[in-house]
Amino acid sequence: MAAFLQFLFKGISVGSLYALLALGYTMVYGILSFINFAHSDVFMLGAFFTWRFAGAFGLDHPSSVQVAGLLLMAMAACAVTGFLIERLAYRPLRHAPRINVLITAIGVSLLIENVGQLVFGKSVVQFPSLSEASIGFGKHTVMMDDTFTIGGVNVRVVEVFAVAASIALMLALQWMVYRTKVGRAMRAVSVDHQVAGLMGIPVDRIISLTFIIGSALAGAGGLLVGFTYGQIKQPADASWILYGLKAFIAAVIGGIGNLPGAMLGGLVLGLSEQFVAGYVSTTFRDAIAFALLILILLVRPSGILGRRVVEKV
Amino acid sequence: MLRRALLPILVAAVAVVLLSLVVPRDSYAEKILFDIGINIVLAVSLNMVNGLCGQFSIGHAGFMAVGAYASIVVTYYGGYALWGEVGKHAGLGGLGIYLVSIVVGGLMAAVAGWLVGLPSLRLRGDYLAIVTLGFGEIIRVLLQATPGVLYPSEMAEVPGLLRPLHLGGALGFSHGQSYNSIAWTYAMVALTVLVAYRLRESTHGRAFLAVRENEIAAEAMGVNTTRYKVIAFVLAAFFAGVAGALFAHQLGAGTASRPEEFNFMKSFEVVIMVVLGGMGSVSGAAVAAVALTLLTELLRSVQDYRMIAYALLLILVMILRPSGLFGTREIWTIWRRKKA
C-alpha cells in the first residue's frame, strides 16, 4: 500500500509538470494546428535561465521570496523567447502548408538546442540549493528541501510546492481563457482566423499572446523541474525532447486543443508512467507514453475530453 | 525511357566498378562512400513519404534500426545455424546470406512501418510525426533491454528460436561482419533511386501526389487516401531497413549497431536532406544526401557550429524557398528549362 501511495504521489508530481507543458502545446495546436517542436526547448531554456539568473545575483541558497522572483524572471525571459520564435520563424509561414511549419519548428528546436550548447556548456548543471528557502507561517514553517514521511510515503516539500505552483498556473490560465475578453478572443481565433479577424479581433496579436503565455508556462515548468531534481542536463540532451514529446502526447490523450484535457492527459500519463516503472520495469517507463498514444489514436482519436471534429472543405 | 536511362546507368556502373577497384578496403575513403550511399538510400526513401505523399515522418532511423538488427541476426545467428561458425563467410554462401539479410532487414522494417503507419495514417498527418518519433524511441528502449550477444560457446545453452533475441543491449551488436562493399551499397542505391523515380511516374505515384496536394480532393476523386499513405510509408520503411542492413555490415559493425546510433538526431538528419533537396525531387534528395554527408565530414572540426548552420538553413529554406532547393523538379529538367 505504501508503495502504491508513493507511486501515486510521484505520478501526480511528474504528471502536473507534463500538464503544465502540455498546455503550451495544446494552445498552439488549437490556434495554429501544428506541433510546436520548439516548446520543449523553451522549457529547457526556462531551467537554464533560472540557473543563470541565480548565478548573476549570487543566489546559491535563495530564500522562498527569491525563488518567486526567479520564477517571474524565468517566465518573462521565456515569454520573450516564445514571442520571438513566433514572430521570426512562424509568422512568415502563416499561410504556408502545415508541413512547412512543422519542419520550421524542428529547425527552431535544433537551433535553440545547439546555440544553448554553446552558451550554457555541455555538462550537467547544479541548481542552487533550497536549504534556506522556507515556506509557511510561524510554527508551520517547513524548509523546501525537507522530506517528510507520511504513512510510509516520502514527500518532498519542493515537489508539493511544484504541484501547487503548477495547479495555480493552470487555474490562472483556465480563468483567463474562459472568463476574460482576451480569452474569448483566443477561443474565437482558434475556431476561425478569418472570421475572427472580420469581427475586429487582432489575430496576429492574439497568436503572439498565445505563444507568450504558453512559453511563460513552459519557463515556469523549467524552473520547477530544475529545483525538483537539483540538477539539469545539457541543452541538447535527449531527455528535454522526450519531456516535450510526452507533454504533447499528454495533450493528445486529453484531447488536443482542450485545456482541461491537457491537464487530465498530463496526470494520466504521469501516473501510468510511475505505475509501470514501479510495478513492471523502469526500462519501459519511456515507452509507455507512446504505447498510450497509439492506443488512444486507435480507440478515441479525439482524446478523452475532445470532441470529434469533421474536416470541412 | 529505357534508352534515356541506359547511359547514366552504364556510367554509374563503370564508376562503381572503378571505385571498388581503386578505393582500398577498410579505408577512410571507403567509409565515406558507404555513408554517402546509405544516406542516399535513406533520403530518397524518406522522400517517398515526405515528398511524394506529403506525410511527415521523422522516425526513419527507427526503421533503419529494425533493418540493421534483423539483418545482422540473419548473418550472425543464421550463419551459425548454417555453417556452425559465426565468422564472415567467403564466396557464394557469403553473398547469398548477405542478400538474404538485406531482404529480411527490409521486410522486417516494412512490417514495422505497417504496424506504425496503420493507426496513425488514418488520422491527420501530423500525428504521424509524433508517432514515428515515438516509435524510434520505443525501438531504442527495447533494444537496450536485450541481453548480450551469444558467443558460439554459449549457443548450445539457448534454444535456436530464442537466440535472435540476444541483441547486445546498450553496448550494441558487437559481432557484425563486414559483408558490405561499395558494389553492394551502390547496387542498393541504384535500386532505391530507380524505384523512387519509376514510382512517381506510376499510377500509385500519381495517387501519392494527389494525396499530397489535397487530401480531401483526392478522396473525392476516389483515391483511397489511407491505403496510399500506408503504401508509401511501408515502401519507405522497407528501404530504410535496407539502409540499416548496409549500415550494420560495414567495418567496425559492432560499434555501428549500437541503439544510440539510431536516435532521432539521425532521423532529423535525413529529414534535413529531404527538405533541402526539395520535397518530391528524387535527384534533389540524392544530391542533398551526398552534399550533406561530405559537409559533415568536412565540418568535423567545427562540429558545434555545424548543427546551428543546418538549423538556420532549414528555417531559411522553409521561409524563402518553401519547396526546397530543387522544388519538386529533377535536376536535369531545371537545366533544360534554363536553356530554353
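Along each chain, residue indices are assigned from 1 in the same order as the chain's sequence is written. The naming scheme follows written order: chains are lettered A onward, ligands numbered 1 onward. Residue-level local features of this predicted model are given only where pLDDT is at least 70; pairs of side-chain atoms are given and counted only at 80 or more, and the full residue set underlies all totals for whole chains, interfaces and linings.

Participant: I'd like to hear about the overall build of chain A, residue by residue, with values.
Facilitator: Looking only at helices and strands, chain A has eleven helices and six strands in total. Here the C-alpha atoms of chain A give a radius of gyration of 19 Å, agreeing with the 20 Å that 2.2 N^0.38 yields for 313 residues. In terms of overall dimensions, chain A has a C-alpha envelope of 60 × 45 × 40 Å along the principal axes. Split into buried and exposed, the 313 residues of chain A put 51% on the buried side. By the criteria applied, helices consist of DSSP H or I runs no shorter than four residues and strands consist of E runs no shorter than two, each listed in order from the N terminus. Within these notes, the globule rule equals 2.2 Å times the number of residues to the 0.38 power, and the radius of gyration is based on C-alpha atoms. To assign burial, the other C-beta atoms lying within 10 Å of each residue's own C-beta are counted, with C-beta atoms placed from the backbone; 20 or more indicates buried, 12 or fewer indicates exposed, and intermediate counts indicate partly exposed.

Participant: Would you mind going over the overall build of chain B in detail, with residue names and values included?
Facilitator: In terms of helices and strands, chain B carries 14 helices and zero strands. If you list the helices and strands of chain B from N to C, you get α-α-α-α-α-α-α-α-α-α-α-α-α-α. For chain B, whose C-alpha radius of gyration is 20 Å, the value lies close to the compact-globule estimate of 20 Å for 340 residues. When its C-alpha atoms are laid out on the principal axes, chain B stretches across 65 × 45 × 45 Å. The burial tally for chain B puts 51% of its 340 residues in the buried class.

Participant: Break down the packing of helix α2 (residues 28-52) of chain B against helix α6 (residues 182-200) of chain B for me, citing the residues and quoting the values.
Facilitator: Residues and elements named next belong to chain B. Lines fitted to C-alpha atoms define the axes, with helix axes restricted to the stretch in contact, and inter-axis angles between N-to-C directions lie between 0 and 180 degrees. Where α2 meets α6, the closest approach of the two axes is 9 Å, and the angle between their N-to-C directions is 20°. As judged from the angle between their axes, α2 and α6 are roughly parallel. For the pair α2 and α6, the sense of crossing is left-handed. Between α2 and α6, the contacting residues are E30, L33, F34, G37, I38, I40, V41, V44, S45, N47, M48 and L52 on the first element and I182, T185, Y186, M188, V189, T192, V193, A196, L199 and R200 on the second. What sets the label is the angle itself: under 35 degrees gives roughly parallel, over 145 gives roughly antiparallel, 65 to 115 gives roughly perpendicular, and the rest give oblique. Handedness of each helix crossing follows the sense of rotation of the near helix against the far helix: counterclockwise by less than a right angle gives left-handed, clockwise gives right-handed. Note on contacts: each residue gets a C-beta atom placed from the backbone, and two residues are in contact if those atoms are within 7 Å.

Participant: Which residues make up unusual backbone geometry, and what are the values?
Facilitator: Both trends apply: most residues other than glycine have a negative phi, and most peptide bonds are in trans. With a phi close to 55°, A:S33 is a non-glycine residue in the positive phi region. Classification of A:S33 by C-beta neighbours within 10 Å gives partly exposed; the count is 14.

Participant: Please provide a residue-by-residue account of the pairing of strand β5 (residues 153-156) of chain A, values included.
Facilitator: Residue and element names in this part refer to chain A. When DSSP finds two or more bridges between two strands, those strands count as paired. In terms of strand pairing, strand β4 (residues 147-150) meets β5 through four bridges, oriented antiparallel. For T149, the partnering residue across the bridge sits in β5 and is N154. If you look at the hairpin formed by β4 and β5, you'll find two residues sitting between the two strands, and G151 has a positive phi there, around 55°.

Participant: Quick one: what's the story with the interface of chain A and chain B, residue by residue and with numbers?
Facilitator: On the chain B side, the residues contacting the 37 residues of chain A number 33 residues. Elements that contribute at least two residues to the side of chain A that touches chain B include exactly α4 (98-120), α9 (238-254) and α11 (285-299) of chain A. Among the elements that make up the side of chain A that touches chain B, the one with the highest residue count is α4(A) (15 residues). Under the scheme applied here, ten amino acids are nonpolar (Ala, Val, Leu, Ile, Met, Phe, Trp, Tyr, Cys and Pro), four are charged (Asp, Glu, Lys and Arg), and all others, including Gly, are polar. Tallied by class, residues from the side of chain A that touches chain B come to 28 nonpolar, six polar and three charged.

Participant: Residues and numbers for the confidence of the model for chain B, please.
Facilitator: On a range of 0 to 100, pLDDT expresses the predictor's confidence in each residue. Scored by pLDDT, chain B comes out at a mean of 85, with 94% of its residues at no less than 70. Within chain B, the lowest mean pLDDT, 58, falls on helix α10 (residues 253-256) of chain B, and the highest, 93, falls on helix α9 (residues 225-248) of chain B.

Participant: Before we move on, can you summarise the nonpolar core with the specific residues and values?
Facilitator: One finds A:A22, A:I249, B:A43 and B:A232 to be the most contacted residues of the largest nonpolar core, which totals 218 residues. The dominant element in this core, judged by the number of residues it contributes, is α9(B), at 18 residues. Look past the residues within four positions of B:A232 in its chain and what remains in contact with it is B:M48, B:V49, B:L52, B:C53, B:Q55 and B:F208. Connectivity within a nonpolar core runs through C-beta atoms within 7 Å, and the core itself is a set of buried Ala, Val, Leu, Ile, Met, Phe, Trp, Tyr and Cys residues.

Participant: Quick rundown of the environment of B:V223? Include the residues and the values.
Facilitator: With respect to the helices and strands, B:V223 occurs in the loop between α8 (215-220) and α9. B:V223 has contacts with B:A207, B:A210, B:V211, B:A218 and B:Y228, leaving out every residue within four places of it along the chain.

Participant: Lay out the packing of helix α2 (residues 39-56) of chain A against α9(A) in plain terms, naming residues and giving numbers.
Facilitator: Residue and element names in this part refer to chain A. Two elements in contact, α2 and α9, have axes separated by 8 Å at closest approach and are oriented at 125°. Comparing the axis directions of α2 and α9 gives the class oblique. The element α2 and its partner α9 pack so that their crossing is right-handed. Note on element contacts: α9 touches α2 through W240, I241, Y243 and G244, opposite H39, S40, D41, F43 and M44. Among the residues forming the contact of α2 with α9, the class breakdown is five nonpolar, three polar and one charged.

Participant: Lay out the environment of A:R285 with the relevant residues and their values.
Facilitator: Residue and element names in this part refer to chain A. You can see R285 is positioned in helix α11. Counting along the chain gives 195 residues from R285 to Y90, while the straight-line C-alpha distance between them is 33 Å. In this view, R285 contacts E273, V276 and A277; residues no more than four positions away in its chain are not counted.

Participant: Could you give me a rundown of the confidence of the model for chain A, with the residues and numbers involved?
Facilitator: On average, residues of chain A carry a pLDDT of 89, and 98% of them reach 70 or more. The spread of mean pLDDT over the elements of chain A runs between strand β2 (residues 134-135) of chain A, the lowest at 79, and α2(A), the highest at 95.

Participant: Can you tell me about the environment of A:K10, naming the residues and giving the values?
Facilitator: Residues and elements named next belong to chain A. Turning to its location among the elements, K10 is positioned in helix α1 (residues 2-32). What makes K10 buried here is the crowd of 22 C-beta atoms within 10 Å. Measuring from C-alpha to C-alpha, the distance between K10 and I207 comes to 34 Å, with 197 residues separating the pair along the chain.

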